[in-house]
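# Remarks on the overall topology
The primary structure of each chain is shown beneath.
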Amino acid sequence: FHSNLNFLTIGIYRPQKGIDLLLKAITIFNRKYPNNKAVFRIVGGGELKSLITSFVVDNKNIVDAGYVKYEEITQVYSQSDIYLLSSREEPFGLVLIEAWASGIPVLATKTEGPRDMLEEGENGWFINQITPEGIEAGIERQYLSWQKNNSHLLQFEESCRETGKMFSIDITSRKMYETFFNSS
């Protein structure tokens, strides 16, 4: 068990990914719970880097990990408890499959990709509104559950790994091949 609740976000730092909404949500959460034990690790790079840097100054639990080599990404997942997706648009979400393959549940906005793959309470939870307040409500819900029982996230590991396998490149490409080429 980790002594903190470790949220992870990986992606390009741009408005489409909702990084600005996430940063505002974390600020709201930190005001409500000033001495919380949540850590928000953000991995990536892009045009909103300076915005993240400015929020890190006032929010000591935001970690801008910057760019991480793909070979090292499994270690980042192993240090995390919940994958947090705050995207305004997310057509597929390879990072979700990576998180699930690592046994980590996902807290995600209701965008295209997550709607098709996430099963509420099985491999994660939905954020109902793509706003700072909606994202904060999702974070708060998971934080309060973790505070009551910090081992409750372990129950998701098997289901998450199964989801990761179900949407793996091998299985997905085989399903596409069968759909497009074996439909005589």
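Heads up: the structure comes first, above all this text.
Keep in mind that this is a model prediction, so the values were computed, not measured.

Once that is clear, we can look at the side chain of N6. Tracing the backbone shows N6 in strand β1 (residues 5–12). There is a polar contact of 3.1 Å between the side chain of N6 and the backbone oxygen of N4. Leaving out residues up to four positions away in the same chain, N6 has contacts with V39, Q79, S80, D81 and I82.

Under the definition given, this model contains 7 salt bridges. K32 is paired through a salt bridge with E140; the nearest N and O atoms lie 2.9 Å apart. One end of the pair, K32, is in helix α1 (residues 19–32); the other, E140, is in helix α6 (residues 132–148), with 108 residues separating them in the sequence. D64 is paired through a salt bridge with K49; the nearest N and O atoms lie 2.5 Å apart. Of this pair, D64 sits in strand β3 (residues 62–66) while K49 is found in helix α2 (residues 49–58), placing the two residues 15 residues apart along the sequence. For D64, a relative accessible area of 22% gives the class partly exposed.

Let us look at the packing of aromatic side chains. Under the criterion given, the structure shown has 8 aromatic pairs. One aromatic cluster is present, built from ring pairs that chain together F7, F29, Y33, F40, Y143 and W146.

What follows concerns the nonpolar core. As a rule of thumb, nonpolar side chains are buried together in soluble globular proteins. Among the nonpolar cores identified, the biggest contains 49 residues, and F7, Y77, Y83 and I139 are the most heavily contacted of them. Counting residues per element, this core draws most heavily on α1, which supplies 7 residues. Not counting chain neighbours up to four residues away, the residues in contact with Y77 comprise L8, I10, Y83, V95, E98, A99, S102 and I104.

What follows concerns the sheet that holds strand β5 (residues 106–109). Sheets are built from strands paired through backbone hydrogen bonds, the pairs being either parallel or antiparallel. Pairing is parallel in the open sheet, where 6 strands are placed in the order β3-β2-β1-β4-β5-β6. Looking at the sheet topology across the chains shown, the edges are occupied by β3 and β6 (124–127). The mean angle between the axes of side-by-side strands here comes to 25 degrees, regardless of whether they run parallel or antiparallel. Bridging between strand β4 (residues 82–85) and β5 involves 3 bridges; their strand directions are parallel. From the neighbouring strand, L84 faces β5, where its bridge partner is L107. Lying on the sheet, α1 is in contact with β1, β2 (38–45), β3 and β4; it crosses β2 at an angle near 165 degrees.

Here α1 crosses α2 at 5 degrees, and the two axes come no closer than 10 Å. In terms of axis orientation, α1 runs roughly parallel to α2. Taken together, the residues of α2 that come into contact with α1 (itself represented by I19, D20, L23, K24 and T27) are L51, I52 and F55. In terms of residue class, the contact of α1 with α2 is made up of 5 nonpolar, 1 polar and 2 charged.

Cut-offs used in this document
Residues numbered from 1 in each chain as written. Predicted model: local features only at pLDDT ≥ 70, side-chain atom pairs only at ≥ 80, totals over all residues. Heavy atoms only, no water. Helix = DSSP H or I, 4+ residues; strand = E, 2+ residues; numbered from the N terminus. Polar contact = N/O pair within 3.5 Å; in protein donor to acceptor, adjacent residues only side chain to side chain. Contact = heavy atoms within 4.5 Å. Salt bridge = Lys/Arg side-chain N within 4 Å of Asp/Glu carboxyl O. Buried < 20%, exposed > 50% of the residue type's maximum accessible area, 1.4 Å probe, protein only. Phe/Tyr/Trp six-rings, centres within 6.5 Å; stacked < 30°, edge-to-face > 60°. Core = buried A, V, L, I, M, F, W, Y, C linked by side-chain atoms within 4.5 Å. Pairing = 2+ DSSP bridges. Axes fitted to C-alpha atoms, helices over the stretch in contact; angles between N-to-C directions. Parallel < 35°, antiparallel > 145°, perpendicular 65-115°, else oblique. Nonpolar A, V, L, I, M, F, W, Y, C, P; charged D, E, K, R; others polar.

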